[in-house]
Amino acid sequence: MAKEHPHIVIAIDGPAASGKSSVARVLARKLHYVYVNTGAMYRAVTWLAIEKGVPPVDAVRVQQLLHYTEVTCGVRDGESTILLDGVDPADHLVSEAVNSNVSAIATLPDVRRLLTQKQRAFAFDYDVVMEGRDIGSAVFPETRYKFYVDASPEVRAQRRARQGLQDSIAARDKVDSSRRTSPLTIAEDAHVIDSSNLTVEGVVGEIFGRLKQKGLPLGEL
Ligand code: CDP
């Protein structure tokens, strides 16, 4: 595939509460890359639909809503941001309502098309560590740096409970893995890491080792 973007993309995918967000954030900081949380983008659209009273399963109305909403992505303090008609929904993204509706929104092909386009645009301007469900398989299938961070269902449930959040991670995983458009899957050339018994630093260390092996210049890190 022709190289469309001049920047480096490190893709980190995995199921709910596998620890990929913490890992991606730490890795991005160390490398001085931008951390892009694509889950936050799907969550933002979900929040918007709930706010506007649009049922997340109503593909036509969600598409209309997006058509009339200005979706602006940017970077602040080294991390991705998303604004909807100028409003930053960051404080509402892990509410119970968003948790229980985000996977339905994420099945909608129009939503995925729009957000995938926004995600690719980050790599026109920045080196990125991007985390999600389909980054290595669908958003940047051409990148050489792909990781899939997993953990046992018990460990993942414990991690979410420790954050004090109500979240039906098993239900989300089921929808995310079985949807037609860009399901959660392990890209063929991804390096899989089971983080069940590893700290964030442990996972980041393993990723570093792999990046070095693949010849990514890491300087003194
Ligand atoms: O809570 P957790 O960190 O596991 O999830 P998240 O990364 O915030 O993603 C929330 C939801 O967004 C997922 O359950 C998926 O339904 C959807 N998502 C997606 O479909 N594709 C992505 N690249 C990222 C998230």
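Right above here is the structure, for reference.
Everything quoted here is computed from the prediction, not taken from an experiment. (Residues numbered from 1 in each chain as written. Predicted model: local features only at pLDDT ≥ 70, side-chain atom pairs only at ≥ 80, totals over all residues. Heavy atoms only, no water.)

To continue, consider the site of the ligand. Around the ligand sit 20 residues, and of these Arg-43, Arg-112, Arg-160, Arg-172 and Asp-176 come closest. At a separation of 3.0 Å, a nitrogen atom of the ligand approaches a polar side-chain atom of Thr-38. At 2.8 Å from an oxygen atom of the ligand is found a side-chain nitrogen or oxygen belonging to Arg-172. About the coverage of the ligand: the protein hides 97% of its 520 Å² of free accessible area. Among the secondary structure elements, those contributing two or more residues to the shell around the ligand are α1 (20-31), α2 (38-51), α4 (96-105) and α8 (169-178). The element best represented in the shell around the ligand is α2, accounting for 4 residues. Taken together, the residues of the shell around the ligand sort by class into 6 nonpolar, 5 polar and 9 charged. (Near = heavy atom within 4 Å. Polar contact = N/O pair within 3.5 Å; in protein donor to acceptor, adjacent residues only side chain to side chain. Areas by Shrake-Rupley, 256 points an atom, 1.4 Å probe, with all protein chains shown as cover. Helix = DSSP H or I, 4+ residues; strand = E, 2+ residues; numbered from the N terminus. Nonpolar A, V, L, I, M, F, W, Y, C, P; charged D, E, K, R; others polar.)

As for its position among the elements, Tyr-33 is in the loop between α1 and β2 (34-37). Using a relative accessible area of 10% as the deciding quantity, one classes Tyr-33 as buried. Distance from Tyr-33 to Ile-10, taken between C-alpha atoms, is 9.4 Å for residues 23 residues apart in sequence. Setting aside residues no more than four positions away along its own chain, Tyr-33 makes contact with Ile-8, Ile-10, Ala-28, Gly-78, Asp-127, Val-128, Val-129 and Leu-216. (Buried < 20%, exposed > 50% of the residue type's maximum accessible area, 1.4 Å probe, protein only. Contact = heavy atoms within 4.5 Å.)

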